[in-house]
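Residues per chain are reported as follows:
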Amino acid sequence: MPETEWFPGGTLPDRQGYFEVEFDTGETEITRYGMLGWEPEQERGRIVRWRGLDPNIEEAEMQRESAVRNNGDSLIG
């Protein structure tokens, strides 16, 4: 089954990385699944479903997060 298909929120990815998640509020966002679980923790609501990202989109998200972490406020201008 391709990772880009939707999986129920009660299941967990078998790897760390970035995923598109849908919350019980109806909102969707790209978020990270890491060693500590979903980040940020479920402060936005319960995850109803999730799916993997296209590899190019996931790579861009990793680069964006790295740039923010390394450059902080200098990116804001």
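Check the entry above for the structure.
The residue numbers shown here count from 1 along each chain, following its written sequence. In keeping with the predicted nature of the model, local features appear solely for residues at pLDDT of at least 70, side-chain atom pairs appear and are counted solely at 80 or more, and the whole-chain, interface and lining totals rest on all residues. With hydrogens and water stripped out, all remaining heavy atoms of the structure feed into the side-chain values.

Caption draft 1: The arrangement of the nonpolar core in detail. As used in this record, nonpolar core signifies buried Ala, Val, Leu, Ile, Met, Phe, Trp, Tyr and Cys residues forming a set joined through side-chain atoms within 4.5 Å. Buried means the residue's accessible area, taken with a 1.4 Å probe over protein chains only, is under 20% of the maximum for its type, while exposed means over 50%, and partly exposed covers the values in between. Membership of the largest hydrophobic core is limited to eight residues, which are F7, F19, V21, F23, Y33, W38, I47 and W50. Secondary structure is summarised from DSSP: a helix means a run of H or I of at least four residues, a strand means a run of E of at least two, and numbering begins at the N terminus for each. Per-element accounting of this core gives the leading share, three residues, to strand β2 (residues 17–23). Note on contacts: a residue pair qualifies if any of its non-hydrogen atoms lie within 4.5 Å across the two residues. The contact partners of W38, leaving out residues within four places of it in the chain, are L12, P13, F19, V21, T31, R32, Y33, I47 and W50.

Caption draft 2: Looking closely at the pairing of strand β3 (residues 28–34). In this description, strands pair whenever DSSP reports at least two bridges between them. One ladder, built from six bridges, connects β2 with β3; its direction is antiparallel. Note on β3: the bridge partner recorded for E22 is T28. Linking β2 to β3, which pair antiparallel, is a turn of four residues; within it G26 sits at a positive phi near 95 degrees. Connecting the antiparallel pair β3 and strand β4 (residues 37–39) is a turn made up of two residues.

Caption draft 3: Highlighting the sheet that holds strand β1 (residues 7–8). Taking strand neighbours across the sheet as the criterion, the five strands line up as β1-β5-β2-β3-β4 in an open arrangement whose pairing is antiparallel. The open sheet has two free edges, formed respectively by β1 and β4, since each of these has just one partner strand. By the bridge criterion, five bridges tie β2 to strand β5 (residues 47–52) in an arrangement that is antiparallel. Each bridged residue has a counterpart across the sheet, and for F19 the counterpart in β5 is G52.

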